[in-house]
Amino acid sequence: MADVTAAAVKQLREKTGAGMMECKNALVESEGNEERAVEILRKRGLASAKKREGRIAAEGIVGSYIHMGGKVGVLVEVNCETDFVARGDEFQQLVKDIAMHVAAAEPRFVSRDEVKSADLDKEREIARAQARNDPKNANKPDQVIDKIVEGRLNKFYEETVLLDQPFVKDPAKTVGELVTDKIAKTGEKITIRRFTRYKMGEGLEKREEDFGSEVASMVS
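So, here's what we can say about the structure. (Residues numbered from 1 in each chain as written. Predicted model: local features only at pLDDT ≥ 70, side-chain atom pairs only at ≥ 80, totals over all residues. Heavy atoms only, no water.)

### Things to note about the environment of Thr5
The criterion, for reference: Where helices and strands are cited, they refer to DSSP runs of H or I of at least four residues and of E of at least two residues respectively, numbered from the N terminus. Buried means the residue's accessible area, taken with a 1.4 Å probe over protein chains only, is under 20% of the maximum for its type, while exposed means over 50%, and partly exposed covers the values in between. Side-chain atoms alone can form a polar contact between residues adjacent in sequence; in general such a contact is a pair of N or O atoms within 3.5 Å, and within protein one must be able to donate a hydrogen while the other accepts it.
Here Thr5 lies in the segment before helix H1 (6-16). Classification of Thr5 as partly exposed rests on a relative accessible area of 39%. It is 9.0 Å that separates the C-alpha atoms of Thr5 and Gly32, two residues lying 27 residues apart in sequence. In terms of polar contacts, Thr5 uses its side chain to reach the backbone amide nitrogen of Ala8, at 3.1 Å.

### Looking at the packing of aromatic side chains
Aromatic ring pairs: the centre-centre distance and the angle between the two ring planes describe each pair. How we decide: Two rings from Phe, Tyr or Trp (for Trp, the six-membered ring) form a pair when their centres sit within 6.5 Å of each other. Planes less than 30 degrees apart are called stacked, planes more than 60 degrees apart edge-to-face, and all others tilted.
By the definition in use, this model includes 1 aromatic pair. For the pair Phe156 and Tyr157, a centre-to-centre distance of 6.0 Å together with 50 degrees between the ring planes defines the contact as tilted. The class for Phe156 is buried, based on a relative accessible area of 6%.

### Points about helix H5 (residues 89-105)
Threshold: Given the number of residues in a helix, its expected span is that number minus one, multiplied by 1.5 Å. Here a residue-residue contact requires only that any non-hydrogen atoms of the pair lie within 4.5 Å.
Taking 1.5 Å per residue, 17 residues should reach 24 Å; H5 reaches 24 Å between its end C-alpha atoms and fits that length. For H5, the full list of buried residues reads Phe91, Leu94, Val95, Asp97, Ile98, Ala99, His101, Val102 and Ala103. Residues of H5 that are buried make contact with strand E1 (59-67), strand E2 (72-80), helix H4 (83-86), strand E3 (166-167), helix H8 (175-186) and strand E5 (191-199).

### A closer look at the environment of Glu34
Along the polypeptide, Glu34 turns up in helix H3 (residues 34-43). For the pair Glu34 and Gln11, spaced 23 residues apart in sequence, the C-alpha separation works out to 9.0 Å. Apart from the residues lying within four places of it in its own chain, the contact partners of Glu34 are Gln11, Leu12, Lys15 and Leu27.

### A look at H8
An α-helical segment advances 3.6 residues per turn. Residues three or four places apart therefore align on the same side. Compared with an ideal rise of 1.5 Å per residue, which puts 12 residues at 16 Å, H8 spans 16 Å between its outermost C-alpha atoms and is within 8% of the ideal. Burial in H8 covers these residues: Val175, Gly176, Glu177, Leu178, Val179, Thr180, Asp181, Lys182 and Ile183. In this structure, the buried side of H8 is in contact with H1, H5, E3, strand E4 (170-174) and E5. Directly beyond the C-terminal end of H8, a positive phi value near 80 degrees is found at Gly187.

This is the structure in structure tokens:
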């Protein structure tokens, strides 16, 4: 039996949109050959989500979430193909879950495509400097340092990119995988188009209170 890694299962899942167990079983059956595994899933009608990528998702809803007594608010636009699906409980719950996740996890981007090259280069530079300055890496070759840097960039994506973040209600899956699951259930293309997160008072300068001086002035 082939040794099927979690990374291989995740990659096949992202490629096909099939469920975790279906991907694992297909990889086992194909002895770890991803191309054959895709073929197995297609024959079973499970590699469906990716086939919908070219279709247009122009319907959907704008959902909202307010947290902490009005201290944090989120607006998110999630699109699907038909108004029928947009009005369904499955889709509306997805939008609510995504809005709640944005409130809790504070992503900066929807997908990796939104990360500017300059920002990525800066993160890569910082990660490489950190790796080089770590005494444990003093004698390690460039190839190893490169792998460390890529690992830290993946961590950057997990922290800042919505689709890469572990879903707050089920950290075993990412938000991207959550969307893929709903694509399989609804039979339509679903995309998160954009979001805005508001935090009350964010960006405002707050008055610093000198309570000692205030009390002294009251006494005098």
